[in-house]
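Reading the structure
What follows is the residue order along each chain.
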Amino acid sequence: DGTTLSAGQHLITMTVEDSFGKTDEDTVTIRVYDHGPPSADGVSISPANPITSDTLVANVTGWQDNDNSPEMYRYRWFMEDEDGVMVEEPNELTQSFPYSRTTRGDLVQVEVTPYNDYGEGDPLLSSVVLIENSPPSQPNVSIDPANPQPENNLECIPTNSADLDGDLITYEYVWLQNGVDVGETSSVLLSSYTSHGEVWTCAVIANDGQDASIQAS
């Protein structure tokens, strides 16, 4: 009937009556608090364009609480399943979602509920983020032989580049003579290009077919 209750404990009796005049009743005790649950304005996931090496973080804005309670939230993370349905990840209950749980192409979303000692506020749902491709890591580069003579071919050897998505890695080579690109792009530089006293550098980029690493030399 629109009646409001004052703060404190209340004993409420509810009576029902049927069409024959028979009645029954039950009594419950409820407590009304002076202050209600908190609220917040919104939630987003960072980074906004994550890759498979990124841990996802839920960022909530606009916390409001009449009692100046510290910010407290409950987190529910969701990932899209093979049927295109966002399914809760029941073991992920914190502000962060580990990168080890994601692969390229996954869709992830988070729901955050503010709460205090008086109850829970309205839940907030983030936008969905897409886990994008991780570029391969920067390789280590060496030249063999390490102390060449003019008659030696030079071989550029990249190592220790890794790709978190498991993609096949290929390499792009640039040979520089005294700091100047000579236009050679194979892993081996023939001795016919070299002379005594020159300084040769091999720069390498690792590529997974979608993205490239930082150049290394």
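Residues numbered from 1 in each chain as written. Predicted model: local features only at pLDDT ≥ 70, side-chain atom pairs only at ≥ 80, totals over all residues. Heavy atoms only, no water.

1. Some points on the nonpolar core
Just so we agree on the cut-off: Here the nonpolar core consists of buried residues drawn from Ala, Val, Leu, Ile, Met, Phe, Trp, Tyr and Cys, with membership extended through side-chain atoms lying within 4.5 Å. Each residue gets one of three labels from its accessible area relative to the maximum for its type: buried under 20%, exposed over 50%, partly exposed in between, using a 1.4 Å probe on protein chains only. Segments assigned H or I by DSSP are reported as helices when at least four residues long, segments assigned E as strands when at least two residues long, and all are numbered from the N terminus.
If you look at the biggest cluster of nonpolar residues, it comprises 18 residues, and the most contacted ones within it are Leu-56, Trp-77, Val-110 and Val-112. Every element with two or more residues in this core is listed here: strand E3 (42-46), strand E4 (56-61), strand E5 (73-80) and strand E8 (107-116). The biggest single contributor to this core is E5, with four residues. Core analysis: the next-biggest nonpolar cluster, separate from the first, contains eight residues, Leu-154, Tyr-173, Leu-189 and Trp-200 among them.

2. A look at the packing of aromatic side chains
Convention followed: Each aromatic pair joins two rings of Phe, Tyr and Trp (for Trp, the six-membered one) with centres within 6.5 Å, and gets the label stacked for planes under 30 degrees apart, edge-to-face for over 60, and tilted for any other angle. For a Lys NZ or an Arg CZ to count as sitting over a ring, it must be within 6 Å of the ring centre and within 35 degrees of the ring normal.
In this structure the tally under the stated criterion is three aromatic pairs. Geometrically, the ring pair formed by Trp-77 and Phe-97 is tilted, given 5.2 Å between the ring centres and 40 degrees between the ring planes. A residue pair is termed long-range when its members are at least 10 positions apart, and Trp-77 in strand E5 and Phe-97 in strand E7 (residues 96-97) qualify at 20 residues. Here Phe-97 falls in the buried class, since its relative accessible area comes to 0%. Chaining the aromatic ring pairs together yields one cluster made of Trp-63, Tyr-73 and Tyr-75. Stacked on the ring of Tyr-115, the Lys or Arg Arg-74 has its end atom at 3.7 Å from the ring centre.

3. Looking at the sheet that holds E4
Under the convention used in this document: Note: two strands are recorded as paired if DSSP finds a minimum of 2 bridges between them.
One open sheet holds the three strands; their spatial order is E3-E4-E7, and the pairing between them is antiparallel. Since the sheet does not close on itself, it has two edges, and those belong to E3 and E7, each with one partner. Of the strand pairs in this sheet, E4 and E7 are connected by two bridges, and their pairing is antiparallel. Bridging from a neighbouring strand, Val-57 pairs with Ser-96 of E7.

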